[in-house]
Amino acid sequence: MNLRKTLYAIALFCTPALAFAHPGHGDSGIMAGLAHPVFGLDHLLAMFAVGLWAAQQSGAARWALPLTFVGSMLIGGLLGFAGVEIPLMETGIAGSVLAFGLLVAVAARLPVAVSMTLTAVFALTHGVAHGLELPDLASPFGYAIGFVVATAALHAVGFALVRFLPQAAAPLVRIAGAASAATGVWLLAS
């Protein structure tokens, strides 16, 4: 019984490192940029959820949400490259995991302008984090290409998952959103 408690304690101590696994992606600009969104649990869940949420929309919102996220994230990345820091950045990123997860869980269809504004604000926090994490020897241009491509791919996977699943699987998508929201709560509490 003591061994199990010890293992749980070790796992608990390691979880913040998994959630905010930003440093250590290598020195190559493109590879580091590709790795940053994929290996940071907070980025991965938020970007995947944007794809899920976009697929739950109709009309222009299906494309506007992912494009807004990528564009705002790139602006944030450029700000991060310049050394601009925003207050409560990590809180905003964790909040985005919670918010996008909830939006997927309830299949929210907000007015497009509200959805785009919300998406842009959260994407800006992700972008600044990416920009501030630029490895010392990496090319900012290559790094930006990497994190933009990885983000677009995560959006596309989430989008495709919803669009190609049978309608009977819609509750599973909502459950995934709820799980992401719960992870967002955990990240905020960490």
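Residues numbered from 1 in each chain as written. Predicted model: local features only at pLDDT ≥ 70, side-chain atom pairs only at ≥ 80, totals over all residues. Heavy atoms only, no water.

Labelled according to an unreviewed UniProt entry, the chain appears under the name HupE/UreJ family protein, originating from Ectopseudomonas hydrolytica.

A.B. asks: So what's going on with the UniProt feature "transmembrane region" (unreviewed entry) in the chain? Residues and values would help.
C.D. replies: UniProt's feature table lists "transmembrane region" (unreviewed entry) at residues 29-51, 63-82, 88-105, 112-129, 141-165 and 172-189, given in the numbering used throughout. From the first C-alpha to the last, residues 88-105 spans 25 Å; its make-up is 94% helix and 0% strand. (UniProt positions renumbered as here; feature names shortened; annotations may be inferred. Helix = DSSP H or I, 4+ residues; strand = E, 2+ residues; numbered from the N terminus.)

A.B. asks: Just give me the short version of a nonpolar patch on the surface, but keep the residues and values in it.
C.D. replies: A cluster of nonpolar side chains, namely Ile30, Met31, Phe141, Ile145 and Val149, defines an oily patch on the protein surface of about 490 Å² accessible area. Breaking the nonpolar patch down by element, the ones donating at least two residues are helix 2 (29-39) and helix 7 (140-164). A total of 3 residues in the nonpolar patch trace back to one element, the largest contributor, which is helix 7. The partly exposed category is assigned to isoleucine 145, whose relative accessible area is 35%. (Patch = residues over 30% accessible without salt bridge, like charges linked within 9 Å, V, L, I, M, F, W, Y side chains within 5 Å. Areas by Shrake-Rupley, 256 points an atom, 1.4 Å probe, with all protein chains shown as cover. Salt bridge = Lys/Arg side-chain N within 4 Å of Asp/Glu carboxyl O. Buried < 20%, exposed > 50% of the residue type's maximum accessible area, 1.4 Å probe, protein only.)

A.B. asks: Mind laying out helix 3 (residues 41-55), listing which residues take part and the relevant values?
C.D. replies: Its 15 residues place the ends of helix 3 21 Å apart at the C-alpha level, agreeing with the 21 Å of an ideal helix rising 1.5 Å per residue. Among the 15 residues that make up helix 3, 12 are buried, leaving the element largely enclosed by the rest of the structure. Taken residue by residue, helix 3 has Asp42, His43, Leu45, Ala46, Met47, Ala49, Val50, Gly51, Leu52, Trp53, Ala54 and Ala55 as its buried positions. (Expected span 1.5 Å × (residues − 1).)

A.B. asks: Break down the nonpolar core for me, with residues and values.
C.D. replies: Counting 30 residues, the largest nonpolar core has Trp53, Phe69, Met73, Phe100 and Val104 as the members making the most contacts within it. Sorting the residues of this core by element identifies helix 3, helix 4 (61-81), helix 5 (89-105), helix 6 (112-132), helix 7 and helix 8 (170-189) as the ones contributing at least two each. Sort the elements by how many residues they give to this core and helix 3 lands first, with 9 residues. (Core = buried A, V, L, I, M, F, W, Y, C linked by side-chain atoms within 4.5 Å.)

A.B. asks: Explain the packing of aromatic side chains to me, and be specific about the residues and the numbers.
C.D. replies: The full count for this structure, using the stated rule, is 7 aromatic pairs. Ring plane angle 50° and centroid distance 6.1 Å describe the contact between phenylalanine 81 and tyrosine 143, whose orientation is recorded as tilted. Here phenylalanine 81, found in helix 4, pairs with tyrosine 143, found in helix 7; they are 62 residues apart in sequence, far enough to count as distant. The class of phenylalanine 81 is partly exposed, set by a relative accessible area of 25%. Exposure remark for tyrosine 143: the relative accessible area of 1% places this residue in the buried category. Every member of this aromatic cluster is reached through a ring pair, and the members are Trp53, Phe69, Phe100 and Phe122. (Phe/Tyr/Trp six-rings, centres within 6.5 Å; stacked < 30°, edge-to-face > 60°.)

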